Amino acid sequence: MADEPLVLGIETSCDETGVGVVRGTTLLADAVASSVDEHARFGGVVPEVASRAHLEAMVPTIERALKQAGVSARDLDGIAVTAGPGLAGALLVGVSAAKAYAYALGKPLYGVNHLASHICVDQLEHGPLPEPTMALLVSGGHSSLLLAPDITSDVRPLGATIDDAAGEAFDKIARVLQLGFPGGPVIDRLAREGDPKAIAFPRGLTGPRDPAYDFSFSGLKTAVARWIEAKRSAGEEVPVRDVAASFQEAVVDVLTRKAIRACKDEGVDHLMIGGGVAANSRLRSLAQERCDDAGIILRVPRPGLCTDNGAMVAALGAEMVKRNRAASDWDLSADSSLPVTDPHVPGAQAAGHDPDQEHAHGHAHGHGHNHDHDHVHELSKDNLYS
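To keep things clear, this report deals only with the structure shown in the data block. (Residues numbered from 1 in each chain as written. Predicted model: local features only at pLDDT ≥ 70, side-chain atom pairs only at ≥ 80, totals over all residues. Heavy atoms only, no water.)

Within the open sheet, the five strands sit side by side as E8-E7-E6-E9-E10. Their pairing is mixed. Edge strands, defined here as strands with exactly one partner in the open sheet, are strand E8 (154–160) and strand E10 (297–299). Neighbour-to-neighbour, the strand axes of this sheet turn through a mean angle of 25 degrees, independent of strand direction. (Pairing = 2+ DSSP bridges. Helix = DSSP H or I, 4+ residues; strand = E, 2+ residues; numbered from the N terminus. Axes fitted to C-alpha atoms, helices over the stretch in contact; angles between N-to-C directions.)

Moving on: the pattern of salt bridges. What the rule picks out here adds up to 18 salt bridges. Of the charged contacts, one joins Glu193 and Arg241 as a salt bridge, the two residues approaching to 2.5 Å between their closest N and O atoms. Of the two residues, Glu193 sits in the loop between helix H7 (183–191) and helix H8 (218–233) while Arg241 sits in helix H9 (residues 240–266), which places them 48 residues apart along the sequence. The class for Arg241 is partly exposed, based on a relative accessible area of 40%. Several salt bridges share partner residues, and in doing so they unite Glu131, Asp150, Glu319, Arg323 and Arg325 into one network. (Salt bridge = Lys/Arg side-chain N within 4 Å of Asp/Glu carboxyl O. Buried < 20%, exposed > 50% of the residue type's maximum accessible area, 1.4 Å probe, protein only.)

The final tally for this structure, using the stated rule, is zero disulfides. Unpaired in terms of disulfides, Cys263 finds its nearest cysteine sulfur in Cys291, a separation of 6.4 Å. (Disulfide = S-S within 2.5 Å.)

So, about unusual backbone geometry. Geometrically, the link from Glu131 to Pro132 is a cis peptide bond, its omega value of 5 degrees lying close to zero. Positionally, Pro132 belongs in the loop between helix H5 (123–126) and strand E6 (133–138). Cis rather than trans, the peptide bond between Phe181 and Pro182 has omega equal to -5 degrees. Considering the arrangement of structural elements, one finds Pro182 in the loop between helix H6 (166–176) and H7.

Here you go:
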């Protein structure tokens, strides 16, 4: 274990300030400071509030993670940070902090992709990812089917949401039902006491001519809202638990059905599910049931690793170090729409880089990591926050 790369990861794509410390595929620390309570009164995440919360929480959360891991910042072999996608202002706080720490410590900097990190975090619980990995990512901003032959360099989108993501639909229906924010956990809880077959809500994009792997939850959201409105207009009581269960079933039915189809079509015998909605109990149980029927091995991290966290960023950063991927340049910036096809943002020398040169720059992993990274980025301090 001592020979594995030790990496600190910073995640600030939305409303969670996450800092994780990973050695290889072993999780040493996972510190999170959430600003969800500050957003609840607005019914959703307010970007400016999130950015300010990240700024205030950053240093204390990093110090807490290092203390929990029992390591010094100078022991690190690299610092990884979410460069995108996400809220631009929130991302900038994390990227700026990562630059500052990496420069001050003389460590290589790795700007990584938020979605690829959600896939890589499973290594911390179930060991190295199979290659290729089929991943279903479901969160407030994304519903995606991804094929990853190499999580550090080759992630291929098969399908994505064309309107509301699954998590966004949960939040909006919770708002219509006056259940508060965030909506996912409360709908999951109420659905356990309801009948998932009580109301036949539509399954979007499941017709024979529809895109096989794309998702759409806008029509479902509208259908549920109209059903609730009709009940209220008629002066009838809304059966909240049955609505929650039937809505949730419609979402997870489509997600799991398309994921299993993708695995079969691509000849992949493993399915990884990640993202905040992967904490949903019904999604996990239905996915397990359908994977068992199809002879597919299901990998789902524990709920705490499904939501946004620094551990997932550190996990991908450690894999970058292990595979000698090029570090990012000091001009790394936040990219709110960073495509998943870019698992990380390499430096300008990445194309045609020399592995021996990278070893000299301290990226090689093995006995005795090179901790002297003062020469990794030969740019002036004036460019630190470019």
